[in-house]
Amino acid sequence: RGSDLRQNDCRMPDSKPLSLVERGGLGAAAGIFTTFFTHPFDVIRVQMQVGVSGGTIETTTKLARQGFGALYAGISAAWLRQVTYGSGRLGIYAYLLDADKSARAARGETGAPSFA
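Along every chain, residues carry numbers that run from 1 in the direction the sequence is written. Given that the model is predicted, a residue must reach a pLDDT of at least 70 before its local features are reported, and side-chain atom pairs must reach 80 or more before they are shown or counted; all residues, however, enter totals for whole chains, interfaces and linings. Heavy atoms throughout the structure, all of them, feed into the side-chain values; hydrogens and water do not.

**Side note on a nonpolar patch on the surface**
Candidates for patches are residues over 30% relative accessible area with no salt bridge; among them, like charges are joined within 9 Å and nonpolar side chains (Val, Leu, Ile, Met, Phe, Trp, Tyr) within 5 Å. Throughout, the Shrake-Rupley method with a 1.4 Å probe supplies accessible areas, and for residues the shown protein chains are the sole cover considered. Salt bridge, as used here: a side-chain nitrogen of Lys or Arg that lies within 4 Å of a carboxyl oxygen of Asp or Glu. On the surface, Ile-32, Phe-33, Phe-36, Phe-37, Trp-79 and Val-83 cluster together to form a nonpolar patch covering roughly 540 Å² of accessible area. Those elements giving two or more residues to the nonpolar patch turn out to be α2 (20–49) and α5 (75–106). By residue number, the principal contributor to the nonpolar patch is α2, which donates four residues. Secondary structure counts use DSSP, requiring at least four H or I residues in a row for a helix and at least two E residues in a row for a strand, with both numbered from the N terminus. The residue Ile-32 is located in helix α2 in this model.

Laid out in structure tokens, this is it:
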């Protein structure tokens, strides 16, 4: 069981590992997907911070009267940030993890990497 938990190489059974570009693309897609659902909450939060409205209910009501598009104002900028940040973060992490695995294998070390 322990060896199954350590096999963290981003692949399904009987398939090849994902490339760095594929991992980055999946990170970007995940960021865009989550931004679609969380962006309206960010819009409400920002409207409250700049003092446009009083509380959460009042701000949400005001934005609802402005239309559905008001909740998604500025989402293209949020998606651009997620594409660059999400793909970069996962891509760099995957690259560093692979480099660490290779270095540890060359030294004869086994097991999970230590971040201590």
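Here the narrative resumes.
**Considering the environment of Arg-104**
Of note, Arg-104 is situated in helix α5. Overall, the relative accessible area of 9% leaves Arg-104 in the buried class. Those residues in contact with Arg-104 that sit more than four places away from it in its chain are Glu-109, Thr-110, Gly-111, Ala-112 and Pro-113. Using a 1.4 Å probe on the protein chains alone, a residue whose accessible area is under 20% of its type maximum counts as buried, one over 50% counts as exposed, and one in between counts as partly exposed. Contact between two residues is taken to exist if any of their heavy atoms lie within 4.5 Å; hydrogens are not considered.

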